[in-house]
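Okay, here's what each chain looks like letter by letter:
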Amino acid sequence: MLEIQTDRVQIKNEDLAIDAYLATPQGKGTFPAVVVIQEIFGVNDHIRDITRRFAKEGYVAIAPAIYQRQAPGFETGYTEKDIEIGRVYKNQTKASELLSDIQAAIDYLYTLPQVKRTGVGCIGFCFGGHVAYLAATLADIKATASFYGAGITTWSPGDGEPTVTRTPEIKGTIYAFFGMEDASIPVEQVDEIEAALQKYNIPHRVFRYSGADHGFFCDQRASYNQQAAEDAWKQVLELFSATL
């Protein structure tokens, strides 16, 4: 594991300043980069921890606040009330703005001298898993890990056609991770996502974890499933190592 440095930075996107958490490996040379996309709970301790974990593995990782337009500085825990307010902000987002803000994060990464400018990775959880599927359509994103993103087959932020209809626009490789006990993502929807990826010949793998619920990767939630989380992390690292 590498020594790392963490910083709180701001990403400029026209007249918007987006708060972000940046973790950078210490060492000579350049490193591939990863964009980490939050759950509905903001760039909280769990998301910052994942960002640091990537840096320790040799990636420059950044977690932009995708609720910057709705609720600057928002971060919270996992109570029912927290979930309620997080969903309110989620429903105020728009796909076009989310994509613009993630592109701004990529552009920021490319200004850093230690970042390779040959494409980045993207990982997202919960609502961030949905947003990661959207972000996979950006030309700079070579590899995407989408964790339990609900609504991909039924909805798009800000309305419009469901996000799954953008599948043919995906530029790189995408891995999608689902818990088979996740009531928010019926198995039929997982099948529909996999069928779309197959139809359009998108390089992909879909992982289905029996006994795992929504949020299984988060070790701060009651739904944490260590076995599924450890396997998924291994798969993500293999994906990013092979593509970035």
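Refer to the structure printed above.
Residues numbered from 1 in each chain as written. Predicted model: local features only at pLDDT ≥ 70, side-chain atom pairs only at ≥ 80, totals over all residues. Heavy atoms only, no water.

Student: Explanation requested: the packing of aromatic side chains in the structure shown.
Tutor: By convention here, two paired aromatic rings are described through the distance between centres and the angle between planes. Within the structure shown, the criterion is met by 23 aromatic pairs. Taken together, a centroid distance of 4.3 Å and an interplanar angle of 10° make the contact between phenylalanine 147 and phenylalanine 177 stacked. Of this pair, phenylalanine 147 sits in strand E6 (residues 141-147) while phenylalanine 177 sits in strand E7 (residues 173-179), and the two are 30 residues apart along the sequence. A single burial state applies to phenylalanine 147 and to phenylalanine 177, both of which are buried. In this arrangement the basic side chain of lysine 90 is found over the ring face of tryptophan 155, its NZ or CZ atom lying 5.3 Å from the centre. In this arrangement the basic side chain of arginine 205 is found over the ring face of tyrosine 175, its NZ or CZ atom lying 5.8 Å from the centre. (Phe/Tyr/Trp six-rings, centres within 6.5 Å; stacked < 30°, edge-to-face > 60°. Helix = DSSP H or I, 4+ residues; strand = E, 2+ residues; numbered from the N terminus. Buried < 20%, exposed > 50% of the residue type's maximum accessible area, 1.4 Å probe, protein only. Lys NZ or Arg CZ within 6 Å of the ring centre and 35° of its normal.)

Student: Would you explain the side chain of threonine 51 in this entry?
Tutor: Along the polypeptide, threonine 51 turns up in helix H1 (residues 45-56). By relative accessible area, threonine 51 is classed as buried at 0%. Among residues more than four places away in sequence, those in contact with threonine 51 are Tyr21, Ala23, Val36, Ala61, Ile62 and Ala63. (Contact = heavy atoms within 4.5 Å.)

Student: Which parts of the structure should I look at to understand the pairing of strand E3 (residues 33-37)?
Tutor: On any regular strand, side chains alternate: one points to one face of the sheet, the next to the other face. The element E3 is largely enclosed, with a buried count of five among its five residues. Summarising the sheet, E3 and strand E4 (residues 60-64) pair through three bridges and their orientation is parallel. The partner of alanine 33 across the bridge, within E4, is valine 60. Of the crossover connections in this fold, the one passing from E3 over H1 to the parallel E4 is right-handed. Examined bridge by bridge, E3 and strand E5 (residues 120-125) share four bridges and lie parallel to one another. In the strand pairing of E5, valine 34 is matched with glycine 121. (Pairing = 2+ DSSP bridges. Right-handed = clockwise from strand over helix to strand, strands pointing away.)

Student: It is not clear to me how helix H5 (residues 187-199) should be interpreted in this structure. Could you clarify?
Tutor: An α-helical turn contains 3.6 residues, so any two residues separated by three or four positions project in the same direction. With 13 residues, H5 should reach 18 Å at 1.5 Å per residue; the first-to-last C-alpha distance of 18 Å fits that figure. Among the residues of H5, those classed as buried are Gln189, Val190, Ile193, Glu194, Ala196 and Leu197. All buried residues of H5 lie within an arc of 160° about the axis, which places them on one face of the element. Residues Glu188 and Lys199 are exposed on H5 and point more than 90 degrees away from its buried face. Its buried side turned inward, H5 meets helix H4 (127-135), E7 and strand E8 (204-209). (Expected span 1.5 Å × (residues − 1). Arc of directions from axis to C-beta.)

Student: I'm lost on unusual backbone geometry in this one. Help?
Tutor: Excluding glycine, most residues fall at negative phi; most peptide bonds, likewise, are trans. The backbone phi angle of tyrosine 148 is positive, close to 35°, even though this residue is not glycine. Under the relative-accessibility criterion, tyrosine 148 is labelled buried at 0%. The backbone phi angle of asparagine 201 is positive, close to 55°, even though this residue is not glycine. Residue placement: asparagine 201 occurs in the loop between H5 and E8. On the basis of relative accessibility, which here comes to 67%, the residue asparagine 201 falls in the exposed class.

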